[in-house]
Amino acid sequence: MHYGADYNPEQWPEEIWPDDVARMREAGVTMVSLGIFAWSRLQPREGEFDFGWLDRVIDLLHEGGIAVDLATATASPPPWASAAYPELLPVDADGATYWPGSRQQYAPSSPVYRRLAGELVTALAERYASHPAVVMWHVNNEYGCHLNADYSDAARDAFRRWLTGRYGDVDALNRAWATNFWSQRYGSFDEVFPPRKAPYSHNPGQALDFHRFTSDMLLECYLMERGILLAHGVTQPITTNFMGAFKPADYATWAPHVDLVSDDCYPDPNDPESFRAAAFQRDLVRSLKPEVPWILMEQASNALNWRPSNAPKAPGQMAALSAQAIGRGADGILFFQWRQSKGGAEKFHSAMLPHAGTDTRTWREVVDLGAKLAALPELPWPAEGEPDADAPATDARVALVFDWENWWAVEASDHPMNRLDHVALVQRWYRALHRRHVQVDLVRPEQVDGRYALAIAPGLYLLREAGAAALTSFVEAGGHLLAGPFTDVVDEFDRFRDGGFLTQLGGLLGVRLEDFGALVAPDAPPAEPGEREARFADAAAAGGADATRETDAPAETDAPALAPLGEHTGTLLAEELHALDASVEAVFTGGRRTGDPALTVRAAGRGTARYLATVPDEAGTQAVVDRLLAAAGVEPVVAGLPEHVEAARRGTLVTLVNHGGPEASVAIAGVDAVTGEPVDGLTLGAWDWALVLDAR
Ligand code: GLA
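Residues numbered from 1 in each chain as written. Predicted model: local features only at pLDDT ≥ 70, side-chain atom pairs only at ≥ 80, totals over all residues. Heavy atoms only, no water.

> Give me the domain arrangement of the chain: which residues, what numbers.
Split into domains, the chain comes out as domain 1 (2-148 + 210-374), domain 2 (398-632) and domain 3 (645-694). Facing the 25 residues of domain 1 at the interface are 19 residues of domain 2. Buried surface at the junction of domain 1 and domain 2, summed over both partners, amounts to about 2,000 Å²; 59% is from carbon and sulfur atoms. Counting across the interface, domain 1 meets domain 2 through three salt bridges. Counting every contact that joins domain 1 to domain 2 gives 13 residue pairs in polar contact (both at pLDDT 80 or more). Elements with a minimum of two residues in the side of domain 1 that touches domain 2: helix H8 (204-231), helix H9 (251-254) and helix H10 (274-288). For the side of domain 1 that touches domain 2, the leading source of residues is H10, giving 10 residues. A class-by-class count of the residues in the side of domain 1 that touches domain 2 yields 12 nonpolar, five polar and eight charged. (Domains from an automatic or database assignment. Contact = heavy atoms within 4.5 Å. Buried area = accessible area lost by both parts, 1.4 Å probe. Salt bridge = Lys/Arg side-chain N within 4 Å of Asp/Glu carboxyl O. Polar contact = N/O pair within 3.5 Å; in protein donor to acceptor, adjacent residues only side chain to side chain. Helix = DSSP H or I, 4+ residues; strand = E, 2+ residues; numbered from the N terminus. Nonpolar A, V, L, I, M, F, W, Y, C, P; charged D, E, K, R; others polar.)

This is the structure we're talking about:
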C-alpha cells in the first residue's frame, strides 16, 4: 500500500528537505511523485540539464526509506521553450493562442514540443532508470486537463496525417462523413481542417473524429515518453495520472498502455452526495484495468483552491474517502501535494503538511491514516473482474455501460434533445445501484458478458456492431439487460444505419422506435414553453399490459414476482415506442405519450431484455433499478445498510464506510484488516470505516 504525495522540493530551499523526509517518515509516507513541474529547473536552457539537485533529493529520500515515483516533468514547458518555439503553443477553436505563464501550454501534436519533451525524458531515463529509489515512473501530468483540444497548425497537420492513416483514401472519408451534405466533399486530405470556428454546425463525423484524434494525440505523447523510458532499460511500472470520466481522453484505449492505472479524484465536500460520484470514479478506473490494483495518485487532504467555494473536508472525511478507494481497488493513497506551497496559484490548496504546521487537524489525520495503512496486510486481488464460479450471490455484479466514443457522439450538437449530459445520466443510474450496495463495473458494451447478472446501457446512442453482438449474447445466455432511451441510433461514424432506429437491438428487445419525443430540458428557463415532463407507471395499474401490447408476446417464465414501480417522472425524452414482441411493464401516464409503452420487457434466450423510453428522475431511476436488481437476483454486498453507508467487496475484503450520516450497525463477521482483531458485527458512526476480511 503506497502512501504519499506529489513532492515539489524545487519550491523550497534545500535546507528544508531533511525536515521533509523526517516528517514524511512521521506520517508513514512510503512513496512520493517527484518533480512533476520541475522542467524549468531540470533544464534551465535548451541543451543544458541540471540534475544535481534531483540527485541530492532522491538520495535523501532513499536514505529515509521513501520510494520515488519519478516524474518525467513534461507537463509544463519552461518559458525558454515557448520563447524560442512559439509554434509549440496550443490554439483554441477561435484561433486564440494559449500563452505561457500558467502550465500545460503545449500543443500535443507539435513536433517541437515532442522533440523537447523527448530530450528531457531521455536525459532522465539515462540517469535514473536503475536508481534503486525509483519504483515507478509518472509520465507527464493529467494529459489534457486544462486544454481539452488544440486547433493549432500543428494540430491541423497532424489531423490530416491521422485521417490519412484512418481512411487511406479521401473517398472513404467522404463516405464516413457524408460530405455530399452541404457541399463538403473533399478532394484531398490537405483540404481538411480541425473543426475550427465555423458559421454553423460542424460535420458530425468530423467532430467525432476530432475527439478520437485529440485523445490519440495525447496518447501518442504518452507513448513517446513510455517508449523512451523502455528503450533506456526502465523496468519499473510506468503510469500517467487519469482523471476518471475525463471527456478528452478515451482511457479505455489508454489503459492497455499503462502498467497500472493511477487516478486523481477531488470530491466536493460541499456536496453531501459527492461520495457516490467518487465511488463511480473509482469503479470506472478499476474497470479500465481489472487485472491489477490501481492507485489514487492525487486527492486533497482538506480544502481545494479551484472551486468557487472550497469547503474543508469534515473531520474524518479524508480517511473515509481513502478507505472507499481501497475498497474499490486502490493499492495506494497519495495526495496533491506533500508540503503546502508558499507561493504560486495553489498556495491555498491543502497538502499533507499544511502551511499552518503540524498542530493541525489535517496533519493529525494524515499521520493517523498513515499508521493505519502501514498496519494493513497485503490485500486480496484479483477477485473483481474475474469470473468466480464459487462467488456467493453477493458478488453477482452489475455492468453499467460507459463508452467514450458514445459519450462524444451523444453530446454532439443537432440532436432531438441537445441538453444531454451523458456522465450525469450514467451517474444517476450508478447512484441508484450504489444506494443498494451492489458491485458495479463500468464497461464498454463489448465487455458485457456472463460475469454479470445485469447490464444497464443508458443513452448508448453510438453502438458498434461488436457491442450489439455482446449485449445480445449476454441476454441469450441468461443476462438481464436494460437499454435506452436514445440507444442504438448511429454507427461509429455517427450515421444512421439503414432500417430506422434500434436496428441492432430492436429484435432482442421486441420493440420498434418511431420517434424520440424530446421534452423541454428540466433546467430550461421557466419561460421556455413546451412539455417538460412525462409521467409513467406500472402498466397493470394504468389499465393492464395487454391493453398496450400491440402483438402477443410470450410471458416471462420463472420470473420473480416484482414489486410495483409506482408512478414516476420522465425527463428529456418521451420516446414513441411500439412493443412488437415484448410485454409492456410501464406506460406513460402523463404528457403527450399517455397510454404508450414506457418500459418493455422481452424474454430472450435465457435472459430478459428491457427498453426504457424516457430518462427517469432520481426516484424513478431508483424504482427501475430496484426492479432490475430483483429480476436479475442481484444481492447487496452487505444487506440491511442505510444509504449513507457504502459497502464494497474486493475478494475477501469488505469495505464499509459511513459517509457522514447517523450511526449504523453492520452485520458482518471476519477480521479487521487494520487491527487484526476479530469482527462480529460493527457500529459505524459518521465518517467511520472498516476494512473487514470476511470469513468466506
Ligand atoms: C491536479 C494536478 C495537480 C494539482 C491539483 C490541485 O490534480 O495534477 O498538479 O494542480 O490538480 O487539485
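> Account for the site of the ligand, with residues named and values stated.
All residues adjacent to the ligand are Phe37, Arg103, Asn141, Glu142, Asp264, Tyr266, Glu298, Trp306, Phe336, Glu346 and His349. Here Tyr266 contributes a side-chain N or O atom positioned 3.5 Å from an oxygen atom of the ligand. Taking Glu346, its side chain carries an N or O atom lying 2.3 Å from an oxygen atom of the ligand. Burial of the ligand by the protein chains amounts to 96% of its free accessible area of 310 Å². Of the residues that constitute the shell around the ligand, the class distribution is four nonpolar, two polar and five charged. (Near = heavy atom within 4 Å. Areas by Shrake-Rupley, 256 points an atom, 1.4 Å probe, with all protein chains shown as cover.)

> Outline the packing of aromatic side chains, listing residues and values.
Enumeration according to the criterion identifies 34 aromatic pairs in this entry. The interplanar angle of 5 degrees and the centroid separation of 3.8 Å between the aromatic rings of Phe242 and Tyr251 together place this pair among those described as stacked. Judged by relative accessible area, which is 1%, Phe242 ranks as buried. With a relative accessible area of 1%, Tyr251 lands in the buried category. (Phe/Tyr/Trp six-rings, centres within 6.5 Å; stacked < 30°, edge-to-face > 60°. Buried < 20%, exposed > 50% of the residue type's maximum accessible area, 1.4 Å probe, protein only.)

> Tell me about helix H12 (residues 361-375), and please be specific about residues and values.
Under the 1.5 Å per step criterion, the end-to-end length of H12 is 21 Å for 15 residues, consistent within 8% with the ideal 21 Å. Of all the residues in H12, the buried ones are Thr362, Trp363, Glu365, Val366, Leu369, Gly370 and Leu373. Viewed along the axis of H12, the buried residues span an arc of 160 degrees, placing them on a single side of the element. For H12, the secondary structure elements touched by its buried residues are strand E1 (2-7), helix H1 (17-27), helix H11 (317-327), strand E9 (330-335) and strand E26 (689-694). (Expected span 1.5 Å × (residues − 1). Arc of directions from axis to C-beta.)

> Go over helix H6 (residues 153-167) with me, naming the residues and quoting the values.
Helix length check: H6, at 15 residues, gives a terminal C-alpha distance of 21 Å against a target of 21 Å (1.5 Å per residue), a fit within 8%. The inward-facing, buried residues of H6 contact helix H5 (111-128), helix H7 (170-177) and H8. Directly beyond the C-terminal end of H6, a positive phi value near 75 degrees is found at Gly168.

> Can you lay out the side chain of Thr72 for me, pointing to particular residues and giving the numbers?
Mapped onto the elements, Thr72 comes out in the loop between strand E3 (67-71) and helix H4 (79-84). Its relative accessible area of 0% is what places Thr72 among the buried residues. A polar side-chain atom of Thr72 sits 2.8 Å from the main-chain amide nitrogen of Asn140. Among the polar contacts made by the side chain of Thr72, one reaches the side chain of Glu225 at a distance of 2.6 Å. For Thr72, the residues in contact, after removing those within four places along its chain, are Leu120, Val121, Leu124, Trp137, His138, Val139, Asn140, Glu225 and Leu229.

> Break down the pairing of strand E2 (residues 31-34) for me, with residues and values.
Consecutive residues of a regular strand have side chains that alternate between opposite faces of the sheet. Of the two faces of E2, the one carrying Met31 and Ser33 and the one carrying Val32 and Leu34 are both buried. As defined by bridge partners, E1 adjoins E2 across four bridges and the pair is classed as parallel. Residue Ala5 lies in a different strand from E2, and its bridge partner there is Val32. The β-α-β motif built from E1, the intervening H1 and the parallel element E2 has right-handed crossover chirality. (Pairing = 2+ DSSP bridges. Right-handed = clockwise from strand over helix to strand, strands pointing away.)

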